[in-house]
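Listed here are the chains, written in short residue letters.
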Amino acid sequence: MQDTEHLYEVPCDLLTSTECETEQVKEQLKHLNNVTLHIAVTGSTGGGKSSFINAMRGLQPDDVNAAPTGVTEMTMTPTVYTHPTMPNIKLWDLPGTGSPKFKAKKYLKEVNLEAFDFFIIISSERFKENDIMLAKAIKEKKRLFYFLRSKIDNDIQAESQRKDFDEQKVLSHIREDCHRNLKDNPNVFLISSFELHKYDFQALIDTLEKQLPAHKRDALVLSLPIYSSRILEKKIETFFKQTWPAAVASGCIAVAPVPGLSIACNAGILLGFFTKCYYAFGLDDESIDKLSVRVNNPSLKSVRSSPLVVAIGQKKLSNKELSALTSKEAAVKFAWSMVPVVGSKITADMSYSGTLNLLRAGLQDLADTAREVLKAAGLTDVY
């Protein structure tokens with residue numbers, strides 16, 4: 001799969017260009033909203049592949065559309081699981097590597113190596129020779145791969161019965177054994193799919209951020225469940241980067257020779273952007289319900305008092321909520337940007353400025369609400 005350029009960079013002269021066509025805008029927004037990420041998950045039978053896939057999608061084992069879990073091999077053919085709120089993020093459950101007749105190169109050919117952005121090789125015990133063979137074959141094709149030692153919470157629980165129990169010593173012993181068995185491969189992470197805020201999951205995400213192309217990295221960050229304050233702040237930062245290209249698209253639409261186009265498209269840009277933030281920050285009812293159960297706090301929904309959050313949740317976002325987001329001056333600029341004056345650079349500048357202010361004000365409102373929810377849940381210090 002060939003890497004593309006950073007998709008959030010927009011030429012600085014895009015606003016002032018007299019050839020700023022609506023097709024260019026559509027293409028830009030398509031890139032912003034449809035960056036695909038294909039994650040392959042494989043490993044030994046019973047290693048926790050399905051549980052990891054569910055965790056990455058923010059799902060519990062008994063949720064609708066969750067990957068089936070079990071002690072026996074559940075996957076005989078490659079099976080794709082789409083992210084529930086970001087359909088461009090796809091996790092693939094690949095057949096296990098435990099068969100005595102396993103052939104790494106044949107395996108990769110059958111599962112179409114080029115279709116995936118990176119591989120997760122997961123095991124709940126010591127990694128086997130088949131896992132090492134698979135990693136070698138992936139490396140030969142110059143693809144990214146990462147070893148995940150899963151079910152660490154079970155190991156800690158078992159060792160905690162010992163009188164001389166020391167959690168850090170147990171983790172160090174498991175980590176050293178993995179590195180020794182995998183010939184010091186640096187990409188080894190200890191995780192619990194049921195406690196993402198613990199152990200090495202954040203280290204895995206940090207590594208992926210460094211090694212993935214920028215647009216793939218951003219897509220990954222936005223798709224992750226809210227398991228800590230740190231990941232929430234990363235999501236907020238990523239969305240702030242996306243505000244100005246969306247505003248530039250608004251400016252381009254304002255000079256397009258289609259009367260009335262600015263009104264519909266600006267409103268669509270704002271609503272689409274805020275809705276993405278709403279789900280990425282875990283502010284929807286389903287996410288709040290799951291968090292409430294996790295922290296035993298049934299009052300979390302009451303924290304979402306922002307008119308913007310309520311309007312998005314009820315699917316009743318109107319100009320009233322949009323105008324209330326920021327200062328009167330910004331609202332006026334946005335109103336002027338709606339005037340269907342064809343081909344006016346002044347109109348484009350107003351549309352860009354007003355839309356950018358509203359995007360950032362709305363994003364700040366949603367971000368502050370998400371922070372308040374985490375604070376009420378007692379998770380603000382989880383890093």
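Conventions used here
- Residues numbered from 1 in each chain as written.
- Predicted model: local features only at pLDDT ≥ 70, side-chain atom pairs only at ≥ 80, totals over all residues.
- Heavy atoms only, no water.
- Helix = DSSP H or I, 4+ residues; strand = E, 2+ residues; numbered from the N terminus.
- Buried < 20%, exposed > 50% of the residue type's maximum accessible area, 1.4 Å probe, protein only.
- Contact = heavy atoms within 4.5 Å.
- Areas by Shrake-Rupley, 256 points an atom, 1.4 Å probe, with all protein chains shown as cover.
- Pairing = 2+ DSSP bridges.
- Axes fitted to C-alpha atoms, helices over the stretch in contact; angles between N-to-C directions.
- Arc of directions from axis to C-beta.
- Core = buried A, V, L, I, M, F, W, Y, C linked by side-chain atoms within 4.5 Å.
- 1 Å grid on protein atoms, 1.4 Å probe; cavity = no way out; pocket = protein on both sides within 12 Å on 5 of 7 lines; lining within 4 Å.
- Points joined across faces, edges and corners; volume = space filled by probe spheres on them.
- Nonpolar A, V, L, I, M, F, W, Y, C, P; charged D, E, K, R; others polar.
- Salt bridge = Lys/Arg side-chain N within 4 Å of Asp/Glu carboxyl O.
- pLDDT = per-residue confidence, 0-100.

1. Some details on the overall build of the protein chain
Turning to step 1, where the next piece is worked out: Helix and strand counts for the protein chain stand at 15 helices and six strands.
Turning to step 2, where the next piece is worked out: Evaluated residue by residue, the protein chain yields a buried proportion of 50% over its 383 residues.
Turning to step 3, where the next piece is worked out: Contacts spanning at least 24 positions in sequence make up 71% of the contacts within the protein chain whose residues lie at least 6 apart.
Turning to step 4, where the next piece is worked out: Of the accessible surface of the protein chain, which amounts to about 18900 Å², a share of 53% is contributed by carbon and sulfur atoms.

2. Quick notes on the sheet that holds strand E4 (residues 118-123)
Turning to step 1, where the next piece is worked out: Across the sheet, which stays open at both edges, the six strands sit in the order E2-E3-E1-E4-E5-E6 with mixed pairing between neighbours. Since the sheet does not close on itself, it has two edges, and those belong to strand E2 (79-82) and strand E6 (188-190), each with one partner. The average undirected angle you get between the axes of adjacent strands in this sheet is 25°.
Turning to step 2, where the next piece is worked out: As paired elements, strand E1 (residues 37-43) and strand E3 (residues 89-93) share five bridges and run parallel to each other. Bridge pairing links histidine 38 to lysine 90 in E3.
Turning to step 3, where the next piece is worked out: Set on the sheet, helix H7 (residues 201-211) makes contact with E4, strand E5 (144-149) and E6; between it and E5 the angle comes to about 175°.

3. Notes on helix H11 (residues 285-295)
Turning to step 1, where the next piece is worked out: Turning to H11, its buried residues number three or more, namely Ile288, Leu291 and Ser292. Burial along H11 is one-sided: seen end-on, the buried residues are contained in an arc of 105°.
Turning to step 2, where the next piece is worked out: Of the residues trailing H11, asparagine 296 is marked for its positive phi of about 55°.

4. Here we look at the environment of isoleucine 312
Turning to step 1, where the next piece is worked out: Locating isoleucine 312 in the fold gives a position in helix H12 (residues 307-313).
Turning to step 2, where the next piece is worked out: Sequence spacing of isoleucine 312 and aspartate 284 is 28 residues, and the spatial spacing of their C-alpha atoms is 9.0 Å.
Turning to step 3, where the next piece is worked out: Apart from residues lying up to four places away in sequence, isoleucine 312 is in contact with Phe274, Thr275, Tyr278 and Leu366.

5. A look at the nonpolar core
Turning to step 1, where the next piece is worked out: Membership of the largest hydrophobic core comes to 63 residues, with the highest contact counts inside it found for Ile39, Phe52, Ile120, Leu148, Phe201, Phe281 and Leu366.
Turning to step 2, where the next piece is worked out: Broken down by element, this core gets its largest block of residues, nine residues, from helix H15 (residues 345-377).
Turning to step 3, where the next piece is worked out: Setting aside chain neighbours within four positions, we find phenylalanine 281 in contact with Ile226, Leu232, Lys235, Ile236, Phe239, Leu363, Leu366, Ala367 and Ala370.
Turning to step 4, where the next piece is worked out: Counting 27 residues, the second-largest nonpolar core is a separate cluster that includes Ala104, Leu108, Val188 and Leu190.

6. Some details on the layout of surface pockets
Regions of empty space are outlined by a rolling probe, equal in size to a water molecule, passed over the atoms.
Turning to step 1, where the next piece is worked out: Each pocket or cavity is described by its volume, and for the largest pocket that value is around 1000 Å³.
Turning to step 2, where the next piece is worked out: Forming the boundary of the largest pocket are 45 residues, of which Gly58, Leu59, Gln60, Pro225 and Lys290 lie nearest the centre.
Turning to step 3, where the next piece is worked out: Looking at the lining of the largest pocket, the element that brings in the most residues is H11, giving seven residues.
Turning to step 4, where the next piece is worked out: Within the lining of the largest pocket, the residues separate by chemical class into 24 nonpolar, 13 polar and eight charged.

7. What about the pattern of salt bridges?
Turning to step 1, where the next piece is worked out: Inspection of every chain in the model, using the stated rule, returns 20 salt bridges.
Turning to step 2, where the next piece is worked out: The network of salt bridges with shared partners includes Asp63, Glu286 and Lys290.

8. A few points about the pairing of E1
Turning to step 1, where the next piece is worked out: Where burial is concerned, most of E1 is hidden: seven out of the seven residues are buried.
Turning to step 2, where the next piece is worked out: Neither face of E1 is open: one carries Leu37, Ile39, Val41 and Gly43, the other His38, Ala40 and Thr42, and all of them are buried.
Turning to step 3, where the next piece is worked out: Pairing between E1 and E4: five bridges, direction parallel. The residue bridging valine 41 from the neighbouring strand is isoleucine 120, located in E4.

9. A short note on the confidence of the model for the protein chain
Turning to step 1, where the next piece is worked out: Confidence in the prediction of the protein chain, expressed as mean pLDDT, is 76, and 72% of residues score 70 or more.
Turning to step 2, where the next piece is worked out: In the model, residues 1-22 has pLDDT below 50 throughout and makes 43 contacts with residues more than four positions away in sequence or in other chains.
Turning to step 3, where the next piece is worked out: Segment residues 253-265 is flagged for pLDDT under 50; beyond a separation of four residues in sequence, or across chains, it makes 28 contacts in the model.

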